[in-house]
Amino acid sequence: MKIKIDDLRSNQVVELIREHLHGMTLHSPPESIHALDLSSLQQPEITVWSVWEGEDLAGIGALKQLDDHHGEIKSMRTSKAYLRKGVAKRLLNHLIEEANSRGYKQISLETGSMEAFEPARKLYEVFGFQYCEPFADYTEDPNSLYMTKAL
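Residues numbered from 1 in each chain as written. Predicted model: local features only at pLDDT ≥ 70, side-chain atom pairs only at ≥ 80, totals over all residues. Heavy atoms only, no water.

Colleague: Describe the environment of Glu-15, with residues and values.
Modeller: Its place among the elements puts Glu-15 in helix 1 (residues 11-27). C-alpha separation for the pair Glu-15 and Pro-142, spaced 127 residues apart in sequence, amounts to 29 Å. (Helix = DSSP H or I, 4+ residues; strand = E, 2+ residues; numbered from the N terminus.)

Here it is as structure tokens:
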């Protein structure tokens, strides 16, 4: 599998972003959806990576710079055909390594509190993320959980 910075032009990537946003609408009320659409992912403070197995898109993930010492993981999504094949682990490890190389002291994320998000939360726990208070512009929300990891 190859992980590369993505320019968000591939039809496969665009479709996976759409799938990600649709998935959020199935499990979260509109006011609690913090997933980014295509144009929001194209902001200068956000870098998106895609994971490829040959010509097939296996997953995507992004890192948003909150400040010089703090990054946020955004838009983690594995393609359906690659679920439970280690894509999310490889990508999360890559994002953490990138955060370290940027000199971040902390990396955080927001995820859903509902049962559908439990596999993601377990993955983040395995990587040493701990639950925390809302960060950046987030506020208390019963549908969201916040996690952070010191680097």
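Colleague: Tell me about the sheet that holds strand 4 (residues 70-78), and please be specific about residues and values.
Modeller: Taking strand neighbours across the sheet as the criterion, the seven strands line up as 1-2-3-4-5-7-6 in an open arrangement whose pairing is mixed. In the strand order of this sheet, the two ends are held by strand 1 (2-5) and strand 6 (130-132), each with one partner. If you compare each strand with its neighbour and ignore which way they point, the axes differ by 30° on average. Where strand 4 lies against strand 5 (residues 106-112), three bridges are found, and the strand directions are parallel. Paired with Glu-72 across the strands is Ser-108, a residue of strand 5. (Pairing = 2+ DSSP bridges. Axes fitted to C-alpha atoms, helices over the stretch in contact; angles between N-to-C directions.)

Colleague: So what about the packing of aromatic side chains? Which residues, and what values?
Modeller: Applying the stated criterion across every chain yields a total of four aromatic pairs. Ring geometry for Phe-135 versus Tyr-138: centroids 5.0 Å apart, planes at 65°, classification edge-to-face. Relative accessible area serves as the criterion here: at 14%, Tyr-138 is assigned to the buried category. Seen from their ring centres, Phe-135 and Tyr-146 are 6.2 Å apart, and the 90° between their planes marks the pair as edge-to-face. In this pair, Phe-135 sits in the loop between strand 6 and strand 7 (144-150) while Tyr-146 sits in strand 7, placing the two residues 11 residues apart along the sequence. (Phe/Tyr/Trp six-rings, centres within 6.5 Å; stacked < 30°, edge-to-face > 60°. Buried < 20%, exposed > 50% of the residue type's maximum accessible area, 1.4 Å probe, protein only.)

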